[in-house]
Amino acid sequence: MAQDDPDRIGILCASDQPVFVAVAERLRKFGCTVRFFDPRSTISRNHLDGLSLLVNKQVFPVTLPALGHARRAGIPLWNNLPATIAFSSRLICQRALEEVGFRTPTVTFEKPAGEYVAKDYSIWSGEPELNGEGDFYQELISTEPVDYKYYAVDDGERIQTAGRRVTSKLYGPKRFLGRARARPTLTASLRRLVERADLRGVGVDFVRDDEGRFWAVDLNLAAGYRNTGLESAICESICASLSDP
């Protein structure tokens, strides 16, 4: 990478997000220039032009025009635009999870008789709520209040995965509990999702029922990757994205 002509990378992410701050520091050591953009604010085309890559870690409706401009201007995105738009719909996310082999809860458009999780159609419209109001309702799987979060990153050579256990946000603030062990069936389907949707990075949330079965309950392109040890893989993935045709 020539020092007199560095790659210029924009990251759609809060500038204090710890994983991507670490990734940015690695990229700078490789000779790249890195700038964070607020994903909740309009991004000027003048700021986009000249970028070598836009890492769309987190996206809101206000930033979609910037992604469209980047695509028309030939500026590569880390996660492709069609997938970014499609997976802003929670119902499309659920269908995609089913298609790659994950078990998913039943969805209804009227409140079920038992306990449920209320969700809005769009990922940016609000957090899921236990027994609340929503656009649709997902069956509540009988389980302890723990989420299993698995992540996949395509580093350009292979798809790396990692998992962690956290307390469920349905019952209070999220808290890290520890690493989740590799589960071949889950990681195989996770890799299949990355390949079919042509993704660079993705997170999937699971709950484990009383019989030990895992249910996929959320898909997240805006994953935080905290406590996963995937910083190096994300950096390699971004570098590999720079050379994509």
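Residues numbered from 1 in each chain as written. Predicted model: local features only at pLDDT ≥ 70, side-chain atom pairs only at ≥ 80, totals over all residues. Heavy atoms only, no water.

Draft legend 1. Structural detail: the overall build of the chain. Looking only at helices and strands, the chain has 7 helices and 12 strands in total. In terms of C-alpha radius of gyration, the chain reaches 18 Å, essentially the compact-globule figure of 18 Å for 245 residues. Dimensions of the chain along its principal axes, counting C-alpha atoms only, are 65 × 35 × 30 Å. Looking at the 245 residues of the chain, the share that counts as buried comes to 49%. Considering only residue pairs separated by 6 or more positions, the chain has 62% of its internal contacts joining residues 24 or more positions apart. One finds the centroid of the 32 positive side-chain charges in the chain at a distance of 3 Å from the centroid of its 32 negative side-chain charges. (Helix = DSSP H or I, 4+ residues; strand = E, 2+ residues; numbered from the N terminus. Rg over C-alpha atoms; globule rule 2.2 N^0.38 Å. Buried < 20%, exposed > 50% of the residue type's maximum accessible area, 1.4 Å probe, protein only. Contact = heavy atoms within 4.5 Å. Lys, Arg positive; Asp, Glu negative; His and termini not counted. Charge placed at Lys NZ, Arg CZ, Asp CG, Glu CD.)

Draft legend 2. Seen up close, the packing of aromatic side chains. As enumerated under the stated definition, the model contains 8 aromatic pairs in all. Between the aromatic rings of Tyr 121 and Phe 136, the centroid separation amounts to 6.1 Å while the plane-to-plane angle is 20°, which identifies the pairing as stacked. With Tyr 121 in the loop between strand S5 (116-119) and strand S6 (129-130) and Phe 136 in strand S7 (residues 136-139), this residue pair connects regions lying 15 residues apart in the sequence. Geometrically, the ring pair formed by Tyr 148 and Phe 214 is edge-to-face, given 5.1 Å between the ring centres and 85° between the ring planes. With a gap of 66 residues between them, Tyr 148 in strand S8 (residues 146-154) and Phe 214 in strand S12 (residues 214-220) connect regions that are remote in the sequence. Joined through ring pairs, the aromatic side chains of Phe 20, Trp 78, Tyr 151 and Tyr 225 make up one cluster. Sitting above the plane of the Trp 215 ring, Arg 103 keeps its charged end 5.5 Å from the centroid. (Phe/Tyr/Trp six-rings, centres within 6.5 Å; stacked < 30°, edge-to-face > 60°. Lys NZ or Arg CZ within 6 Å of the ring centre and 35° of its normal.)

Draft legend 3. Examining helix H5 (residues 90-99) more closely. Residues Arg 90, Cys 93, Gln 94, Ala 96 and Leu 97 constitute the buried set of H5. Mapping the buried residues of H5 onto a view down its axis gives an arc of 160°, with all of them on the same face. For H5, the elements touching its buried residues are strand S4 (107-108), S5, S7, helix H6 (184-197), strand S11 (201-208) and S12. Looking one or two residues past H5, Gly 101 carries a phi angle of roughly 105°, positive in sign. (Arc of directions from axis to C-beta.)

Draft legend 4. Representation of the environment of Ala 70. With respect to the helices, strands and loops of the structure, Ala 70 is situated in helix H3 (residues 64-72). On a C-alpha basis, the gap between Ala 70 and Leu 186 in space is 33 Å, while along the polypeptide they are 116 residues apart. Once you skip the residues sitting within four places of it in the chain, Ala 70 turns out to touch Ile 75 and Leu 77.

Draft legend 5. Quick look at the nonpolar core. In this structure, Phe 87, Leu 193, Leu 199, Val 202 and Phe 206 are the most contacted members of the largest nonpolar core, which totals 26 residues. When residues of this core are traced back to their parent elements, those giving at least two are H5, S8, H6, S11 and S12. Core analysis: the next-biggest nonpolar cluster, separate from the first, contains 25 residues, Ala 24, Cys 32, Phe 36 and Leu 53 among them. (Core = buried A, V, L, I, M, F, W, Y, C linked by side-chain atoms within 4.5 Å.)

Draft legend 6. Summary view of the confidence of the model for the chain. Looking at the chain, the pLDDT average stands at 94 and 98% of residues meet or exceed 70. The spread of mean pLDDT over the elements of the chain runs between helix H2 (residues 45-48), the lowest at 92, and H5, the highest at 98. (pLDDT = per-residue confidence, 0-100.)

Draft legend 7. Expanded view of H6. Across its 14 residues, H6 extends 20 Å between first and last C-alpha, which sits within 8% of the 20 Å expected from 1.5 Å per residue. Close packing links the buried residues of H6 with helix H4 (81-86), H5, S8, strand S9 (159-167), S11 and S12. In the segment just after H6, Asp 198 is the residue with positive phi, at about 55°. (Expected span 1.5 Å × (residues − 1).)

Draft legend 8. Representation of the pairing of S9 within the structure. Most of S9 sits inside the fold, with 7 of its 9 residues counted as buried. Strand direction decides the pairing type here: S8 and S9, joined by 9 bridges, are antiparallel. Residue Asp 154 lies in a different strand from S9, and its bridge partner there is Ile 159. Between the antiparallel neighbours S8 and S9 lie 4 residues, among them Gly 156 with a positive phi of about 100°. Bridge count for S9 against strand S10 (residues 176-179) is 3 bridges, and the pairing is antiparallel. Bridge pairing in S10 places Val 166 opposite Phe 176. (Pairing = 2+ DSSP bridges.)

Draft legend 9. Representation of the sheet that holds S10. Here we have 5 strands laid out as an open sheet, ordered S10-S9-S8-S11-S12, and antiparallel in their pairing. At either end of the open sheet lies a strand with only one pairing partner, and these are S10 and S12. Direction aside, the axes of adjacent strands within the sheet are offset by 30° on average. Strands in contact with H5 are S11 and S12; relative to S12, the strand with the most contacts, it is inclined by about 135°. Contacting S8 and S9, helix H7 (residues 231-242) runs over the sheet at an angle of about 35° to S8. (Axes fitted to C-alpha atoms, helices over the stretch in contact; angles between N-to-C directions.)

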